[in-house]
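For reference, the chains in residue letters:
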Amino acid sequence: MELSLLPNDIQEAHRDFPASLAGCADLDALMRLKGAFVGRDGSHAARLMDLLKAAPKEQKRELGAAVNTLKQQWEEALKTRQGELEQARQRDAALAKAWDPDLPPPLPTRGALHPLNRLMERMVDVFRPLGYHVEEGPEAETEAHNFDGLNIPQDHPARGSADTFYFKGQDGLLLRTHTSPVQVRVLRRIGARGADGLSELERSGGIRFLAPGRVYRKDEIDPTHSPMFHQVEGMIVGKGIGMHHLKGTLAYAMKALFGPGADVRFRPSYFPFVEPGAEMDVRCPLCGGAGCRVCKSSGWVELLGAGLLHPNILAMAGIDPAVWSGFAFGMGVERTAMMVSQTPDLRLFFENDQRFLKTMGGLD
Ligand code: PHE
């Protein structure tokens, strides 16, 4: 519009208007500016209306349109700035409320064991009072320990390269498919005779151990499978060990891990290194047994394989099966973690999203 038609002081105020608006630090300052520009009495807008009234008839149309445009411009800009300042005031109020002077300032966040490692430690703690200690074996294992020493036949499908990761160009070396080869390692050690003609087993009268660790299988990744997972192997060798000891031990451990109300079942199964063999299932805590994706609609989830040591595996380690007996079990850690924490997808344990891991305190 033709600004030169306006009184000088209003021209000047209009030129400075954007800076004046930006300079309003709070709503009070803005209200004062609003009063000066578009207020009812004495404002620039009010004075322009007076001028308009007093203007000669032939100027009224042009002047009126100009005054209106100007007034509208001012009002719109004032409204926008008011919105900004109101938002800022709300933000400040929220911050002031959120700040509690009694709260200590933040400390650096501390690292923690992964929930799967914590669960394995807890499983070990459950068995320690029964006399179990921890034994270890390598993840890169030989066929001799992973299969042969466990009485697994040459034509067993698990030996195929469709199921097992073999190291290229290293004959007989593979990623262990279970923690059971630790059984073979320990049996050979405790069965070997020393200079005094006695074996470690004969000197000690028995052994009980757990072997927690990583295992590998060529499985596709899905909510219940991963090519790398964890097992906890357990084994007892002694005299007169029978199926009743195995059952009692597992019942004790399941109660300790899942609580006294744990609903588990023991059913016959087959593994070449045990006889008889069994598996233990827990009633699926995710669906209460009604059937879901995790329990494959069966209402039960397999937790472990177990059984009495096959005489062949004792004999292969130089231990007389007529004198010694024992049991072994191999428990899936991810399965147990899923059941204990009611997590329907094991991939969550490997994705390492802090928000998920922090909810897993219950696995301590
Ligand atoms: N190693 C077996 C598996 O991975 C489990 C098992 C362990 C079975 C010990 C019997 C005894 O499936």
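Each residue is numbered by its place in its chain's sequence as written, counting from 1. Owing to the predicted nature of the model, reporting of local features is limited to residues with pLDDT of at least 70; listing and counting of side-chain atom pairs is limited to 80 or more, with chain, interface and lining totals taken over all residues. To obtain the side-chain values, all non-hydrogen atoms of the structure were included, while hydrogens and water were left out.

**A look at the site of the ligand**
As a reminder, the rule being used: Nearness is defined per residue: one heavy atom within 4 Å of the molecule or strand is enough. Polar contact is defined as a pair of N or O atoms within 3.5 Å, subject to the rule that within protein one atom must be able to donate a hydrogen and the other to accept it, and that residues adjacent in sequence are counted only when both atoms are side-chain atoms. Accessible areas in this description were obtained via Shrake-Rupley with a 1.4 Å probe; residue shielding takes into account the shown protein chains only.
Surveying the vicinity of the ligand reveals 14 residues, the closest of which are His178, Ser180, Arg217, Gln231 and Gly330. Between the ligand and the protein, one listed contact pairs a nitrogen atom with a side-chain N or O atom of His178 at 2.9 Å. Side-chain polar atom of Ser180 to a nitrogen atom of the ligand: 2.9 Å apart, as the coordinates give it. With the chains in place, 90% of the 330 Å² that the ligand exposes on its own is no longer accessible.

**Structural notes on the domain arrangement of the protein**
Going by this rule: Reported domain spans reflect what an automatic or database domain assignment gives.
You can read the domains of the protein as domain 1 (3-98) and domain 2 (115-363). In this structure, domain 1 and domain 2 have C-alpha centres spaced 79 Å apart.

**Concerning the environment of Trp99**
Let me state the cut-off plainly: Numbering goes from the N terminus for both helices and strands, where a helix is a DSSP run of H or I of at least four residues and a strand is a run of E of at least two.
Within the secondary structure, Trp99 is located in the loop between helix H4 (57-98) and helix H5 (115-127). Between the C-alpha atom of Trp99 and that of Gly197, which follows or precedes it by 98 residues, the distance is 74 Å.

**Re the nonpolar core**
Heads up, the condition is: Here, nonpolar core refers to any group of buried Ala, Val, Leu, Ile, Met, Phe, Trp, Tyr and Cys residues whose side-chain atoms link them within 4.5 Å. We call a residue buried when its accessible area falls under 20% of the maximum for its residue type, exposed when it is over 50%, and partly exposed in between, using a 1.4 Å probe and counting protein chains only. We call two residues in contact whenever any of their non-hydrogen atoms come within 4.5 Å of each other.
Grouped together as the largest cluster of nonpolar side chains are 41 residues, with contacts concentrated most on Leu304, Phe327, Phe329 and Met339. Looking at this core, the elements with two or more residues in it are H5, strand E5 (228-238), helix H9 (243-258), strand E7 (274-283), strand E8 (300-309), strand E9 (325-332), helix H11 (333-341) and helix H13 (354-357). For this core, the element with the highest residue contribution is H5, accounting for seven residues. Apart from the residues lying within four places of it in its own chain, the contact partners of Phe329 are Phe127, Leu210, Val232, Glu233, Gly234, Leu246, Leu250, Leu304, Gly305 and Ala306. Leu174, Ile190, Trp324 and Ala328 belong to the second largest nonpolar core, which has 24 residues in total.

**Focus: unusual backbone geometry**
A cis amide bond, omega -5 degrees, links Glu275 with the succeeding residue Pro276. Backbone geometry places Asn151, a non-glycine residue, at a positive phi of 65 degrees. Mapped onto the elements, Asn151 comes out in the loop between helix H6 (143-146) and strand E3 (173-175). One non-glycine residue, Lys296, lies in the positive phi region at around 50 degrees.

**Let's talk about the side chain of Arg81**
As for its position among the elements, Arg81 is in helix H4. Those residues in contact with Arg81 that sit more than four places away from it in its chain are Leu21, Ala22, Cys24 and Leu30.

**Quick notes on H4**
Rule in force here: How far a helix is expected to stretch is found by multiplying one less than its residue total by 1.5 Å. A residue's bend is given by the angle between axes fitted to the 7 residues ending at it and the 7 residues starting at it.
For H4, spanning 42 residues, the distance from its first C-alpha to its last is 61 Å, which sits close to the expected 62 Å at 1.5 Å a residue. Approximately 30 degrees is the largest bend angle found in H4, and it occurs at Leu63. Residues of H4 that are buried: Leu63, Gly64, Ala66, Val67, Leu70, Trp74, Leu78, Arg81 and Leu85. Residues of H4 that are buried in the fold lie against helix H1 (8-23), helix H2 (27-38) and helix H3 (44-54).

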